[in-house]
Amino acid sequence: MEKIFPKPLKKGDKIAIISPAGAVEPSQLEKGIEMIKSKGFEPVLGENLYTKFSNGYNYAGSEEQRLKDVNWAFNDSEISAVWASRGGYGCQHLLEGLNLKDFTKNPKWYIGYSDNTVIQSFLLKKGFASIHGQTIKTSSFGVTEESYDLIFDILKGKKPKYSLKSHQFNKPGNITGELVGGNLALIYALLGSKYSFDFKDKILFIEDIGENFYALDRMIMSLELAGVFKKIKGLIIGGMTNMGDEKENKQYEESFDEFAFKLISDRISKYNFPTVFAFPNGHIKDNRPLIIGSEVKVKVEEKVRIEF
């Protein structure tokens, strides 16, 4: 299926901000909202952006409230892009009720990461690309300005090109393919469902945060047992941070946990597809946004080049 890319935004266009998962405080979004205004766009806040609903987790409203906001943002003809306030947990609740009736006539960029991987997988199933980039909340948590500038570049129609240094676990090769993936825990959570990514001949991106090493290994094993690594033609591994036990792991605060990388490298050692470790995207401070659903050229040599 040919993927559909939303048209570039122009000055004055409206960007909806919604909370499809965890609850947020207004103070956490102030910086991000001001940033959207400073770039010449108009932020439009979802009705339940700051709603709170506690049910074993602090959600940004009930399932009905969160779904209402997502469907409004997707289908309102005045909205040109949809930006998630944060991730957390809760996007899976919404999958059965998502409605793209008017979205298909007026496709728009969806921007987010972490739990938003679920919504991005849903959109891709329907043929729509999305931006795996920072949420609004993380702008107040020390994420670099460039991480956001690069998202605005994509919104304006500029395709990214990245160059990074090699990593000891990289596997060389040149490939072109469609990029799928996002947060590993959510890729894993969707396996076996109709909302799971289609991995055949794709380039898979994974990143994660806050997992025990055995849990990371279990998720990678699950992908192995589901035949994912037999299907993909390339793999990009992003941030792996706050992994294992904080008291025991000297790299706990690092963006790229070398032991996590070694675990993944060992598990995929029997495969020969080109592999990139330590790509700067994920729950880390300095991010390079990715376009899920886009064709991407990946060259893994002395240096790594990734071009959309």
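Structure: see above.
Residues numbered from 1 in each chain as written. Predicted model: local features only at pLDDT ≥ 70, side-chain atom pairs only at ≥ 80, totals over all residues. Heavy atoms only, no water.

Undergrad: So what's going on with the packing of aromatic side chains? Which residues, and what values?
TA: How two aromatic rings sit relative to each other is given by the distance of their centres and the angle of their planes. Applying the stated criterion across every chain, the model contains 19 aromatic pairs. Geometrically, the ring pair formed by F103 and F128 is edge-to-face, given 4.9 Å between the ring centres and 85° between the ring planes. Taken together, the residues F103 in the loop between strand 5 (79-84) and strand 6 (109-112) and F128 in the loop between helix 3 (117-125) and strand 7 (130-132) connect sequence positions 25 residues apart. A relative accessible area of 3% means that F128 is categorised as buried. Linked through ring pairs, F41, W83, Y148 and F152 together constitute an aromatic cluster. (Phe/Tyr/Trp six-rings, centres within 6.5 Å; stacked < 30°, edge-to-face > 60°. Helix = DSSP H or I, 4+ residues; strand = E, 2+ residues; numbered from the N terminus. Buried < 20%, exposed > 50% of the residue type's maximum accessible area, 1.4 Å probe, protein only.)

Undergrad: Now, about the sheet that holds strand 10 (residues 203-209): what can you tell me, with residues and values included?
TA: A sheet is described by the order of its strands in space; here seven strands give the open sequence 8-15-14-9-10-11-12, paired in mixed fashion. Looking along the sheet, the strands with just one partner apiece sit at the ends: strand 8 (161-165) and strand 12 (275-276). Summarising the sheet, strand 11 (residues 234-241) and strand 12 pair through two bridges and their orientation is parallel. By the bridge assignment, L235 is partnered in strand 12 with T275. (Pairing = 2+ DSSP bridges.)

Undergrad: Tell me what's going on with the sheet that holds strand 6, and back it up with residues and numbers.
TA: With mixed pairing, six strands are arranged side by side in an open sheet as 2-1-5-6-7-13. Each having just a single partner strand, strand 2 (42-45) and strand 13 (290-292) make up the two edges of the open sheet. Within this sheet the neighbouring strands show an average axis-to-axis angle of 30°, counted without direction. With four bridges connecting them, strand 1 (residues 14-18) and strand 2 associate as parallel partners. (Axes fitted to C-alpha atoms, helices over the stretch in contact; angles between N-to-C directions.)

Undergrad: So, the pattern of salt bridges: which residues are in play, and what are the values?
TA: Across all of its chains, the model carries 16 salt bridges by this definition. Close ionic contact of R288 with E146 constitutes a salt bridge, the shortest N to O distance being 3.1 Å. Remark: E146 occurs in helix 4 (residues 145-155) and R288 occurs in the loop between strand 12 and strand 13; sequence separation between them is 142 residues. The buried category is assigned to R288, whose relative accessible area is 15%. E146 sits in the partly exposed class, given a relative accessible area of 41%. In this structure, K270 and E224 form a salt bridge, with 3.0 Å as the shortest nitrogen-oxygen distance. Separated by 46 residues along the polypeptide, K270 in the loop between helix 8 (258-267) and strand 12 and E224 in helix 6 (residues 213-225) bring together distant segments of the chain. The class for E224 is buried, based on a relative accessible area of 15%. Overlapping salt bridges bring together K101, D102 and K105 as one network. (Salt bridge = Lys/Arg side-chain N within 4 Å of Asp/Glu carboxyl O.)

Undergrad: Can you lay out a negative patch on the surface for me, pointing to particular residues and giving the numbers?
TA: Among the surface-exposed residues, D245, E246, E248, E253 and E254 lie close enough to one another that they form a single negatively charged patch. Among the secondary structure elements, D245 is positioned in the loop between strand 11 and helix 8. (Patch = residues over 30% accessible without salt bridge, like charges linked within 9 Å, V, L, I, M, F, W, Y side chains within 5 Å. Areas by Shrake-Rupley, 256 points an atom, 1.4 Å probe, with all protein chains shown as cover. Lys, Arg positive; Asp, Glu negative; His and termini not counted. Charge placed at Lys NZ, Arg CZ, Asp CG, Glu CD.)

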